[in-house]
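Secondary and tertiary structure notes
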Amino acid sequence: MLQRSGILSRSEGCHDDGLVLGARARLFRTAHITMNTSAFHSPTPSSRYHGSDPDQAEISASISVQFQHRVLFTEDVFAPNNFVLREVLSTAPSAEPSRVVVFLDQGVVDTQPDLVQRLRHYFQQHRDRMTVVTQPVTVPGGELAKNDPRVLSNILDALHSAHVCRRSFVLAVGGGAVLDVVGLAAALTHRGVRLVRLPSTTLAQCDAGVGVKNGVNAFGTKNTLGCYAVPWAVINDAHLLTSLSDRDWRAGLAEMVKVALLKDASYFRLLESASGAVAARNIHAMSRLIHRSAELHVQHIAASGDPFEIDEARPLDFGHWSAHRLEELTAFRLNHGEAVAAGVALDCVLSETIAGLPHADVTRILSCLSRLGLPIYAAEMADLDGLLAGLEEFREHLGGDLRITLLRRVGSPTTVKRIDAGEVEKAVDLLSIASQRQVRATA
Ligand SMILES: NC(=O)c1ccc[n+]([C@@H]2O[C@H](COP(=O)([O-])OP(=O)(O)OC[C@H]3O[C@@H](n4cnc5c(N)ncnc54)[C@H](O)[C@@H]3O)[C@@H](O)[C@H]2O)c1
Ligand SMILES: [Zn+2]
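Since the structure is predicted, the reported quantities are computational estimates derived from the model, not experimental observations. (Residues numbered from 1 in each chain as written. Chains lettered and ligands numbered in written order. Predicted model: local features only at pLDDT ≥ 70, side-chain atom pairs only at ≥ 80, totals over all residues.)

1. Some points on the overall build of the chain
- A tally of helices and strands in the chain yields 16 helices and 15 strands.
- The burial tally for the chain puts 47% of its 443 residues in the buried class.
- A separation threshold of at least 6 residues defines the contact pool for the chain, and within that pool the share at least 24 residues apart is 79%. (Helix = DSSP H or I, 4+ residues; strand = E, 2+ residues; numbered from the N terminus. Buried ≥ 20, exposed ≤ 12 C-beta atoms within 10 Å, placed from the backbone. Contact = placed C-beta atoms within 7 Å.)

2. Details of the nonpolar core
- Ranked by internal contacts, the top residues of the largest apolar core, which has 130 residues, are V181, V182, A342 and A345.
- Among the elements that take part in this core, helix α13 (residues 336–355) stands out by supplying 12 residues, more than any other.
- Here this core spans two domains, since at least three of its residues come from each of domain 1 (3–36 + 65–243) and domain 2 (246–442).
- Excluding residues that lie within four positions of it along the chain, A345 makes contacts with L366, L369, I376, Y377 and L431. (Core = buried A, V, L, I, M, F, W, Y, C linked by C-beta atoms within 7 Å. Domains from an automatic or database assignment.)

3. Topic: the site of ligand 1
- Ligand 1 sits among 33 residues. The nearest are G107, G141, G175, G176 and L203.
- Those elements giving two or more residues to the shell around ligand 1 turn out to be α2 (106–111), α6 (176–188), α7 (202–206), α8 (246–263) and α13.
- Here the residues of the shell around ligand 1 are counted per class, giving 10 nonpolar, 15 polar and eight charged.
- Of the domains in this structure, domain 1 (3–36 + 65–243) and domain 2 (246–442) are the two that each give at least three residues to the shell around ligand 1. (Near = placed C-beta within 6 Å. Nonpolar A, V, L, I, M, F, W, Y, C, P; charged D, E, K, R; others polar.)

4. Side note on the environment of T189
- One can find T189 in the loop between α6 and β10 (194–199).
- In this structure T189 comes out as buried when scored by C-beta crowding, with 22 C-beta atoms within 10 Å.
- A sequence separation of 29 residues divides T189 from H160, and the C-alpha atoms of the two residues are 7.9 Å apart.
- Ignoring any residue separated from it by four or fewer positions in sequence, one finds T189 in contact with L156, L159 and V164.

5. Topic: helix α14 (residues 359–371)
- Between its first and last C-alpha, α14 extends 18 Å over 13 residues, near the 18 Å set by a 1.5 Å rise per residue.
- Burial in α14 covers these residues: V362, I365, L366, C368, L369 and S370.
- Residues of α14 that are buried sit in contact with α8, α9 (265–272), α13 and α16 (421–442).
- Among the residues trailing α14, G373 stands out with phi positive, at a value near 85°. (Expected span 1.5 Å × (residues − 1).)

As structure tokens, then:
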């Protein structure tokens with residue numbers, strides 16, 4: 001499944017846990033994430049004994065862990081005069097060059113044929129700071145990377161064969177699927193090797209790549225196996241997006257609309273007016289849109305108080321209970337972004353019925369998604385049982401009661417504990433009619 005290509009070597013290094021910026025980088029967002037792993041928040045361990053029975057003794061302590069989450073924006077990360085990656089991968093000035101294992105999404109390698117060569121030159125140029133310990137490993141792109149267990153196994157094998165240690169770096173260049181599987185392998189190896197992500201799709205730059213989740217699909221369900229892990233750094237390189245297909249170029253907009261609807265009405269207005277720039281593949285306009293989405297995601301992770309989603313509600317999963325089912329029901333004919341668009345459309349219609357979202361806003365949202373070139377309906381939504389299984393999967397995944405995020409207003413989410421099958425059926429019918437109307441309008 002995996003192929004190796006190209007040869008790389010070494011460079012010099014200096015890493016500071018704070019902010020490090022090369023000549024052509026803009027720091028986008030750094031956030032501190034603190035986890036309290038005990039409800040008792042006691043700084044020192046306390047012991048309690050229940051009579052003389054040691055089986056009933058208790059020792060409890062609060063453990064606080066602080067992470068720094070860094071997302072850097074740059075243009076053309078492998079250009080000789082771009083030092084962003086070098087700074088991120090470098091360790092202390094006096095240290096040996098950092099050891100790096102590189103994983104590349106097959107889709108990027110195929111569409112940017114000079115990538116391996118440019119990567120090789122970059123590492124050669126900075127060989128005093130960093131060295132690639134094995135040839136770059138190519139990973140199949142798209143959902144296959146998460147569906148086929150051999151892909152994860154081969155990545156783990158590559159990391160083992162490269163003799164990585166906990167101070168080594170895994171550099172992953174790819175879409176959300178490749179980042180998810182490589183991230184999981186990095187987290188499993190030695191219980192966590194430093195992961196640097198270079199997201200190569202709009203969706204990965206605005207959402208998947210800037211989050212703290214990794215995972216693969218298993219047992220016929222999305223993201224069943226995975227973990228939470230804060231990456232060492234994320235570098236969003238606009239240049240990587242230039243080779244995307246139109247579909248994958250648009251796919252990220254679904255997650256942008258999602259986060260705008262949850263958190264920022266003015267960002268939603270920006271997305272409403274972006275269809276021309278999106279259709280014209282305006283990279284600067286797209287970068288600005290990605291920037292705000294990534295910022296909102298990072299803010300949520302850092303400031304929600306629940307970076308690893310221990311609480312039951314998961315607001316960033318707006319539209320996703322049905323989206324994950326739609327990916328499965330369409331046998332991945334819909335990509336993640338397209339499924340999210342239809343899932344967001346469905347949850348907006350449900351929001352009108354259940355949470356009082358004004359009808360005019362629902363109309364605006366559906367028309368925004370359509371103008372951005374995203375679907376608001378898929379025929380497979382008519383498989384009501386198949387769709388509703390998504391609610392049960394969510395309930396099971398979260399544990400306890402069902403918690404679904406809906407909207408009261410644009411930018412104002414709410415959590416509901418119940419969605420009836422009848423309401424979903426009606427919403428699906430409405431979307432079917434709305435999508436036919438929009439097809440006719442654009443014909
Ligand atoms: N971990 C998270 O928090 C999180 C969040 C959202 C989505 N996801 C996951 O992300 C995945 C979707 O990611 P995606 O939308 O990035 O799509 P993707 O990773 O499936 O990639 C889509 C296609 O684009 C190709 N590709 C990637 N970069 C390219 C480039 N620069 N040029 C040309 N082709 C390129 C890939 O090879 C693939 O064929 C889903 O599995 C989804 O579940 C994860
Ligand atoms: Zn998503």
